Amino acid sequence: MEVFAKLVELDESDVLRVLSFLMADSLAVGSPLVEVLAQSFETDIAAAWTIDDTFFDLMRDKQAINGMVAEIAGETAAKEHITATAKVQKSIIKACLDGTRTPQIENWVPRYMAAPQQGYTTRSGFPDPVQGIEDIAIAAE
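Note that the structure is predicted; figures quoted are calculated from it, not measured. (Residues numbered from 1 in each chain as written. Predicted model: local features only at pLDDT ≥ 70, side-chain atom pairs only at ≥ 80, totals over all residues. Heavy atoms only, no water.)

A. Expanded view of the overall build of the protein chain. Counting secondary structure elements, the protein chain contains eight helices and zero strands. Put simply, the protein chain has 141 residues, and 30% of those count as buried. By sequence separation, contacts in the protein chain at least 24 residues apart represent 53% of the contacts at least 6 residues apart. Accessible surface for the protein chain amounts to roughly 9,400 Å². Of this, 57% is attributable to carbon and sulfur atoms. (Helix = DSSP H or I, 4+ residues; strand = E, 2+ residues; numbered from the N terminus. Buried < 20%, exposed > 50% of the residue type's maximum accessible area, 1.4 Å probe, protein only. Contact = heavy atoms within 4.5 Å. Areas by Shrake-Rupley, 256 points an atom, 1.4 Å probe, with all protein chains shown as cover.)

This is the structure in structure tokens:
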């Protein structure tokens, strides 16, 4: 009842905003419905989200990190650093984002944040991983 009482006090635009957040929170990430909605509404995640240290702290999959390096710094950089530590590869991504290294893509966001959502490996469950990176990573192991 407390929630309802608070909602009654709000004006209609605020209630609709709360409802939109509740609806967004209830949608299953990566589901066909979410993908259709994201594309229909021309969702631009880069307008509302920026990469921060938390994103880099949570990145653990070295193959996916190398896929990101390939995407933002180029295939040559990815191949040159395939055996480098995840920390080194993350620093390459950061350097492209902060302008100390020239990125291959302007306004880059990870494929996970794109519409439609994609991944960097076949293990991600998303279609279209970065072509060739998986073979390079496996060969380096």
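That was the structure; now back to the text.
B. Quick look at the environment of T83. Secondary-structure assignment places T83 in the loop between α6 (75-80) and α7 (86-98). Residue classification places T83 among the exposed residues on the basis of a relative accessible area of 60%. C-alpha separation for the pair T83 and N66, spaced 17 residues apart in sequence, amounts to 9.4 Å.

C. Examining the packing of aromatic side chains more closely. All chains considered together, the criterion is met by three aromatic pairs. Plain terms: the ring middles of W49 and F55 are 5.8 Å apart, the flat faces sit at 80° to each other, and that makes the pair edge-to-face. Note on W49: relative accessible area 23%, which makes it partly exposed. Members of the aromatic cluster, connected to one another through ring pairs, are W49, F55 and F56. The cationic tip of K94 hangs over the ring face of F56; the distance from NZ or CZ to the ring centre is 4.9 Å. In this structure, R111 is placed above the aromatic ring of Y120, and the distance from its NZ or CZ to the ring centre is 5.6 Å. (Phe/Tyr/Trp six-rings, centres within 6.5 Å; stacked < 30°, edge-to-face > 60°. Lys NZ or Arg CZ within 6 Å of the ring centre and 35° of its normal.)

D. Expanded view of the packing of helix α5 (residues 62-73) against α7. At a minimum axis distance of 9 Å, the contact between α5 and α7 shows a crossing angle of 30°. Comparing their axes, α7 and α5 come out roughly parallel. When you trace α5 past α7, the crossing you get is left-handed. Counted together, K62, I65, N66, M68, V69, I72 and A73 of α5 and A86, Q89, K90, I92, I93, C96 and L97 of α7 form the full contact between these two elements. (Axes fitted to C-alpha atoms, helices over the stretch in contact; angles between N-to-C directions. Parallel < 35°, antiparallel > 145°, perpendicular 65-115°, else oblique. Left-handed = near helix turned anticlockwise from the far one by under 90°.)

E. Structural detail: the nonpolar core. M59, M68, V69, I72, A73, I93 and W108 are the most contacted members of the largest nonpolar core, which totals 17 residues. Where this core is concerned, the elements lending two or more residues are α4 (53-58), α5, α6 and α7. Top element by residues in this core is α5. It accounts for seven residues. With near-sequence residues (within four places) excluded, I72 lies in contact with I93, C96, L97, P103, Q104, I105 and W108. (Core = buried A, V, L, I, M, F, W, Y, C linked by side-chain atoms within 4.5 Å.)

F. Fine view of the layout of surface pockets. A volume near 750 Å³ is recorded for the largest pocket. Lining the largest pocket are 23 residues, and of these A24, V34, A38, T43 and I45 lie nearest its centre. Breaking the lining of the largest pocket down by element, the ones donating at least two residues are α2 (12-26) and α3 (32-40). Examining the composition of the lining of the largest pocket, we find that five residues originate from one element, α2, more than from any other. In terms of residue class, the lining of the largest pocket is made up of 16 nonpolar, four polar and three charged. (1 Å grid on protein atoms, 1.4 Å probe; cavity = no way out; pocket = protein on both sides within 12 Å on 5 of 7 lines; lining within 4 Å. Points joined across faces, edges and corners; volume = space filled by probe spheres on them. Nonpolar A, V, L, I, M, F, W, Y, C, P; charged D, E, K, R; others polar.)

Don't take any of this as a statement about function, it's just geometry.
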